[in-house]
Amino acid sequence: DLDDVDGLLRTFQSEAQTLMLSPSSTVAPPVDGAVGREALLALQGLTHDPRDLEDEGPLGEGGMGVVRLAKQVSLGRRVAEYLREGRREPQDVEALLTEAWTAGHLEHPNILPIHALTMNPDGTPVIVMKRIEGVTWATLLNDPAAMEAHAPARAPLDEHLRILQQVCHALHFAHTRGVVHRDLKPENVMVGAFGEVYLVDWGLARRPGPSEQLAGTPVYMAPEMLGRPGDEISERTDVYLLGAMLFEVLTGTAPHRGATPNAIIASILESAPRLPDATPAPLADLVRACMHPDPAQRTASALEVRVELEAFASRQSSLSLTEQSEQRLEALRTLLATPAPDVTQVYAAFAAARFGFEQALSAWTANEQARLGWRSALRAMVRFEADHGTAQTARAFFAELSEPDAALQYAIDEAAAREEEQARRLKRLDKLEAELDPRTDSGVRMLVGLLISGVWIIAPLIDGHFSKDSNLEGVSSVPGALVSLGIVAVAAWQEKRRGLRSTPLNRQLMAIVGFGMAVQSLFLVARHLLVGPFGPWIVPTISAFPSHLADGAAYALSSTASSFDLEHRYEWVAAGNLGFCLNAFLLWRRQRRP
């Protein structure tokens, strides 16, 4: 209440001017000089060469002195030189050395390293530390151009949260070493040119314990930093300051602003941060949890603050990936809506959308929007494969969904039925193609042909030997025809016995040969009975097919020769048959070539 505010103001009258004129400046109370005196004694006992540091001018102001650029001759590097100028009182020296020893014992990637502690010729202590080529976090918060130059094309909030996470790293380490910073603010955070983050200015750092007096920067200050009796400084004091810096990230201003010292102190005591309505709920909750006026009710540690920030960053990254993936999903749907979608483009769009949704879920497993998008992409591919692809691939996508969907299952079953019908149709076509292919079962035809050919080459020679000049001349071909008919019958019986279906070509040829042999036998017997004995005769063949011209030539030659050479007429008949068989064999060989 107002009485508390007035009482506190009377307690630190000397700091009231700072509260009024510069509430963003650090209020530094006197420090316990024990550590500083120990450091001074150790420092005075060492030999120092002042030539090792070559002063190259000021860099800026620090909480406890002036930061100057210097060249460390022994190592040939440029370093920052933390120099106390014009303040040689014992308490000033002790404060400087206390800060140096505190920071020197905190070796962490996010804490500015101390290279050396030395003395000027006039006995003034100097802290030699790493030079940071960068800017303060406050510059990035207040200057959009500087922020754009530092992290181009990156959302400012994302970068500020990353910086705050690094500060949490440094604080958590310091807290494990029993050190509370007490002066956390964007001005005390340095950001390097390559994104490295350093927590600096450990001048107010101390161990946890009673809050004995006002200390810190008023516009960020926690209630217990006002130095009221009974208050304790602890790691949760720094947690409050983390929340105050997050408040500034979200609003653009420090939390405790006021026109008068009373207003500033009242804001500190109240610690009820008011955030814009558009503030993301997780961050707003974190600010309130960190800045609770009761330390026992605050977020427990800097580590927990970092975990919350990382979780929010993951959620934001997940949501951003989800938004991008939904655009890719829409592109996929557009492709699938075309009459004949290109398979390559479809799978490229699906892969991009699916990968994005899976990455979003990896960053934040509770992202239901990403999960719904992932399922929508899979459903779209199930439908696509059922309509344009294979039922097997559709089933594979459907199995990933792990949830029942009657409509999709019906589409897959329909696709499977179509594929089965198509497979049966293709099987029939393959069988028909094989049956119509002259090369199919050509070996059977060749074997039958060789046997019949042998019969018709040998039969005239046998007939000429036994039936020449006898009453049987003229019907001597009947046994050969009957034997040929028997060969055809045996071949057909063998195919049927082995469970093989003869090809249409084989059936036609066997039917023609069988019919021809039977008709020839009947014709010869009938002619013999009606006309009487007669000699062998050859019918000259004329074919319109070029492949059979050789047959015609062979029979023409044998017919002519048998007319003039009656003595060897049976031999000429055999020769004509041999010519026919040779031409048939050549045609068979040509037919078997691919």
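The model shown is predicted, which means the values in this text are computed figures rather than measured ones.

K.L.:
Even after reading the chapter, I still don't get the state of the cysteines, so can you show me in this structure?
P.N.:
Covalently bonding the sulfur atom of one cysteine to the sulfur atom of another cysteine gives a disulfide. The full count for this structure, using the stated rule, is zero disulfides. Cysteine Cys168 shares no disulfide, and the gap to the nearest cysteine sulfur, in Cys290, comes to 7.9 Å. By relative accessible area, which is 2% here, Cys290 ends up buried.

K.L.:
Is there a simple way to think about the pairing of strand β5 (residues 125-130) in this case?
P.N.:
Counting buried residues in β5 gives five out of six residues, a clear majority hidden from the surface. Judged from the five bridges that link them, strand β4 (residues 114-119) and β5 form a sheet pairing that is antiparallel. Within the sheet, the bridge partner assigned to Ile114 lies in β5 and is Met129. Taking the residues between adjacent antiparallel strands as the criterion, β4 and β5 are bridged by five residues, where Gly123 takes a positive phi near 90 degrees.

K.L.:
Help me understand the packing of helix α7 (residues 156-176) against helix α11 (residues 302-336), please; the structure alone is not making it clear to me.
P.N.:
Each packed pair of helices is defined by two parameters, the angle between the axes and the distance between the axes. At a minimum axis distance of 8 Å, the contact between α7 and α11 shows a crossing angle of 155 degrees. Here α7 is positioned roughly antiparallel relative to α11, judged by the angle of their axes. The hand of the α7/α11 crossing is left-handed. Side by side, α7 and α11 meet where Leu157, Leu161, Leu164, Gln165, Cys168, His169, Leu171, His172 and His175 of the first sit next to Ala302, Leu303, Val305, Arg306, Leu309, Glu310, Phe312 and Ala313 of the second.

K.L.:
Would you explain the packing of aromatic side chains in this entry?
P.N.:
The relation between two aromatic rings is expressed through the spacing of the ring centres and the mutual angle of the planes. One pass over the full model with this rule turns up two aromatic pairs. With a centroid separation of 6.4 Å and an interplanar angle of 40 degrees, the aromatic rings of Tyr347 and Phe397 are classed as tilted. Taken together, the residues span a long stretch of sequence, with Tyr347 in helix α12 (residues 343-363) and Phe397 in helix α14 (residues 391-401) at a distance of 50 residues. On the basis of relative accessibility, which here comes to 29%, the residue Tyr347 falls in the partly exposed class. Plain terms: the ring middles of Phe350 and Phe397 are 5.3 Å apart, the flat faces sit at 75 degrees to each other, and that makes the pair edge-to-face. In this pair, Phe350 is assigned in helix α12 and Phe397 in helix α14, connecting sequence segments 47 residues apart. Each member of the pair, Phe350 together with Phe397, is buried. An aromatic cluster is present here, built from Tyr347, Phe350 and Phe397 joined pairwise through their rings.

K.L.:
I tried to follow the packing of helix α8 (residues 235-251) against α11 on my own but got confused; where do I start?
P.N.:
Two elements in contact, α8 and α11, have axes whose closest approach is 9 Å; the angle formed by their N-to-C orientations is 30 degrees. Judged by the angle between their axes, α8 and α11 are roughly parallel. Classified by chirality, the crossing of α11 by α8 is right-handed. In this structure, α8 uses Val239, Leu242 and Leu246 to contact α11, whose residues at the interface are Ala302, Val305 and Leu309.

K.L.:
Is there a simple way to explain the side chain of His160 in this structure?
P.N.:
By the secondary structure assignment, His160 is in helix α7. Residue class for His160 comes out buried when judged on its relative accessible area of 7%. Apart from the residues within four sequence positions on either side, His160 is in contact with Trp137, Leu140, Leu141, Met147 and Val249.

K.L.:
Before we go on, may I ask you to explain the confidence of the model for the chain in this structure?
P.N.:
When pLDDT is low, close inspection of the predicted coordinates is not appropriate. On average, residues of the chain carry a pLDDT of 81, and 73% of them reach 70 or more. Mean pLDDT per element in the chain: helix α2 (residues 13-21) is the minimum at 54, and α8 is the maximum at 97.

K.L.:
Help me understand the pattern of salt bridges, please; the structure alone is not making it clear to me.
P.N.:
Opposite charge on two side chains permits pairing when their charged atoms draw close. Across all of its chains, the model carries 19 salt bridges by this definition. For the salt bridge of Glu133 with Arg131, the shortest nitrogen-to-oxygen distance reads 3.9 Å. A relative accessible area of 54% means that Glu133 is categorised as exposed. Since its relative accessible area comes to 30%, Arg131 is described here as partly exposed. Put simply, Glu421, Arg424, Arg425 and Arg428 are held in one network by salt bridges that share partners.

The rules we used
- Each chain has its residues counted from 1, following the order in which its sequence is written.
- The predicted origin of the model limits local features to residues at a pLDDT of at least 70 and limits the giving and counting of side-chain atom pairs to 80 or more, whereas totals for whole chains, interfaces and linings rest on all residues.
- Hydrogens and water molecules were not included; the side-chain quantities draw on all heavy atoms of the structure.
- The disulfide criterion used throughout: a pair of cysteine sulfur atoms within 2.5 Å.
- Only protein chains enter the calculation, and the probe is 1.4 Å; a residue is then buried if its accessible area is under 20% of its type maximum, exposed if over 50%, and partly exposed in between.
- Secondary structure elements follow DSSP: runs of H or I of four or more residues count as helices, runs of E of two or more count as strands, with numbering from the N terminus.
- Two strands qualify as a pair provided DSSP detects at least 2 bridges between them.
- Lines fitted to C-alpha atoms define the axes here, with helix axes fitted over just the stretch in contact, and angles between the N-to-C directions of these axes take values from 0 to 180 degrees.
- Angular relationships are summarised with four words: roughly parallel below 35 degrees, roughly antiparallel beyond 145, roughly perpendicular across 65 to 115, and oblique for the angles in between.
- Left-handed describes a crossing whose near helix is turned anticlockwise from the far helix through less than a right angle; right-handed describes the clockwise counterpart.
- By definition, residues are in contact when any of their heavy atoms lie within 4.5 Å.
- Here a Phe, Tyr or Trp ring, Trp counted by its six-membered ring, pairs with any other such ring whose centre lies within 6.5 Å, and the pair is stacked when the planes are under 30 degrees apart, edge-to-face when over 60, and tilted otherwise.
- As a per-residue measure, pLDDT reflects the predictor's confidence and takes values from 0 up to 100.
- Here, a salt bridge means any Lys or Arg side-chain nitrogen found within 4 Å of an Asp or Glu carboxyl oxygen.

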